[in-house]
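If you want the building blocks of each chain, they are given just below.
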Amino acid sequence: MDFNMKKLASDAGVFFSRAVQFTEEKLGQAEKTELDAHFENLLAKADCTKNWTEKILHQTEVLLQPNPSVRVEEFLYEKLDRKVPSRVTNGELLAQYMVEAANDFGPGTPYGKTLLKVGETQKRLGGAERDFMHSASINFLNPLRNFLEGDWRTITKERRILENRRLDLDACKARLKKAKAAEAKASAVPDFQETRPRNYILSASASAAEHELRVAQTEFDRQAELTRLLLEGISSTHVNHLRCLHEFVESQATYYAQGYQYMLDLQKQLGRFPGTFVGNAESTSPPPATTSPTTVAATIPVVPTVGRAPNSATAVEGALNLKDVKPPASGTRKARVLYDYEAADSSELALLADEMITVYSLPGMDPDWLIGERGNQKGKVPVTYLELLS
């Protein structure tokens with residue numbers, strides 16, 4: 001008990017000394033030991049790294065999981081060291097709704113078939129999103145989080161100790177300065193018999209202050225070197241985070257590439273059935289007078305045909321004989337192919353990305369399709385796969 005009381009009193013004295021030194025420094029009444037410029041730069045670099053790592057980590061979490069309540073729930077599960085429950089992604093949930101809707105509407109109907117195809121693609125997109133989130137969490141979020149919760153906490157702890165050592169050092173300097181001033185003042189007094197004991201005490205006090213200063217200086221230098229080594233490790237942290245950033249970009253590029261390919265495949269599947277929505281489109285489309293003049297079909301040269309119903313796209317496609325179709329004498333347009341397209345039957349023209357073809361339209365033809373020519377080859381091509389040139 002006696003030992004604990006002595007330690008408590010000693011700690012209280014050290015705390016009081018540091019508080020006094022800190023207050024006097026803030027009031028400009030005491031000198032402060034300044035760190036060298038290199039050390040200050042290391043501190044600034046460490047603070048900058050910590051601040052931006054926190055912001056990047058938080059915003060990446062928002063990107064991967066926009067729902068804040070879900071992020072809080074996952075945080076609580078991690079703190080409780082419990083397994084996070086498995087959740088479906090938004091794409092997977094949308095796919096589930098589409099499949100259920102298709103079953104209600106009838107999977108054999110055009111709308112039901114399309115819902116099933118789109119739902120399957122959304123499910124694949126949701127799976128790709130899940131893989132991306134898992135990869136980004138392991139390869140990017142975890143290293144950033146480990147730095148903030150591990151290395152940065154160690155650096156913060158050692159910086160706090162260094163600050164305490166500096167306050168102790170400056171307090172010892174102040175005490176030695178006062179002891180030296182008192183000793184000098186006493187030595188200026190005439191050496192009478194009664195002043196010798198006091199001079200002896202002042203000299204001993206100055207010697208004790210010098211000893212405390214040497215001990216404080218040694219502890220400060222040792223702590224400064226330790227803190228310096230930790231701060232210099234920030235450069236290695238940057239290298240590690242750079243590697244993690246590359247992995248994050250790779251996983252994100254893979255995710256978007258998968259999504260693009262899935263949607264391209266879906267577009268091809270839906271594009272092979274141009275007449276699927278003809279009936280609905282005719283029944284719901286506005287009169288020709290209200291049609292926007294900027295539509296693609298209106299800008300394509302039209303080939304005159306004989307013996308066809310002008311308002312029946314189905315009749316046009318059913319009676320289409322590619323051998324009899326002639327391009328207009330003038331005004332045909334060139335088009336650049338955006339994506340590869342595989343012809344579904346002999347009436348369609350297979351396309352290769354970046355090739356140039358000649359296109360034109362027929363009266364009453366589905367506006368989503370054109371007649372394309374490449375040399376002696378001729379067939380229907382989807383407008384969505386083309387970039388029309390002037």
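Residues numbered from 1 in each chain as written. Predicted model: local features only at pLDDT ≥ 70, side-chain atom pairs only at ≥ 80, totals over all residues. Heavy atoms only, no water.

Caption draft 1: Inspection of the overall build of the protein at higher detail. When helices and strands are counted, the protein shows nine helices and five strands. Scanning the protein from its N terminus toward the C terminus, one meets helices and strands in the order α-α-α-α-α-α-α-α-α-β-β-β-β-β. Relative to its full complement of 390 residues, the protein shows a buried share of 31%. In the protein, the share of contacts with a sequence separation of at least 24, taken over all contacts with a separation of at least 6, comes to 72%. (Helix = DSSP H or I, 4+ residues; strand = E, 2+ residues; numbered from the N terminus. Buried < 20%, exposed > 50% of the residue type's maximum accessible area, 1.4 Å probe, protein only. Contact = heavy atoms within 4.5 Å.)

Caption draft 2: Region of interest: the nonpolar core. Ranked by size, the top nonpolar core spans 32 residues in total, and within it Phe-39, Phe-132, Phe-140 and Leu-231 carry the most contacts. For this core, the elements supplying multiple residues, two or more each, are α2 (37–64), α5 (110–187), α6 (196–232) and α7 (234–271). With 15 residues, the single largest contributor to this core is α5. In terms of nonpolar packing, the next biggest core, distinct from the first, is built from 17 residues, Val-337, Leu-351, Val-383 and Leu-386 among them. (Core = buried A, V, L, I, M, F, W, Y, C linked by side-chain atoms within 4.5 Å.)

Caption draft 3: Fine view of the sheet that holds strand β3 (residues 369–374). Spatially, β4-β3-β2-β1-β5 is the arrangement adopted by the five strands of the open sheet, whose pairing is antiparallel. Either end of the sheet is taken by a strand with one partner, and the two such strands are β4 (377–382) and β5 (386–388). Sheet twist, expressed as the average angle between the axes of neighbouring strands with direction ignored, equals 40 degrees. Inspection of the sheet shows β3 paired to β4 by six bridges, in the antiparallel sense. By the bridge assignment for β4, Glu-373 is matched with Lys-378. (Pairing = 2+ DSSP bridges. Axes fitted to C-alpha atoms, helices over the stretch in contact; angles between N-to-C directions.)

Caption draft 4: Local environment of the environment of Gly-379. With respect to the helices and strands, the residue Gly-379 is situated in strand β4. C-alpha of Gly-379 to C-alpha of Val-359: the two residues are 20 residues apart in sequence and 9.7 Å apart in space.

Caption draft 5: Up close: a nonpolar patch on the surface. On the surface, a nonpolar cluster with roughly 290 Å² of combined accessible area is contributed by Val-72, Phe-75 and Leu-76. You can see Leu-76 is positioned in helix α3 (residues 68–79). Taking the relative accessible area as the measure of exposure, Leu-76 reaches 47% and is therefore partly exposed. (Patch = residues over 30% accessible without salt bridge, like charges linked within 9 Å, V, L, I, M, F, W, Y side chains within 5 Å. Areas by Shrake-Rupley, 256 points an atom, 1.4 Å probe, with all protein chains shown as cover. Salt bridge = Lys/Arg side-chain N within 4 Å of Asp/Glu carboxyl O.)

Caption draft 6: Summary view of the environment of Thr-332. Tracing the backbone through its elements, the reader meets Thr-332 in the loop between α9 (313–319) and β1 (333–337). On a C-alpha basis, the gap between Thr-332 and Val-359 in space is 6.4 Å, while along the polypeptide they are 27 residues apart.

Caption draft 7: Examining unusual backbone geometry more closely. A positive phi angle, close to 75 degrees, is found at Asp-354, a residue other than glycine. Take Asp-354: its relative accessible area is 54%, and that puts it in the exposed class.

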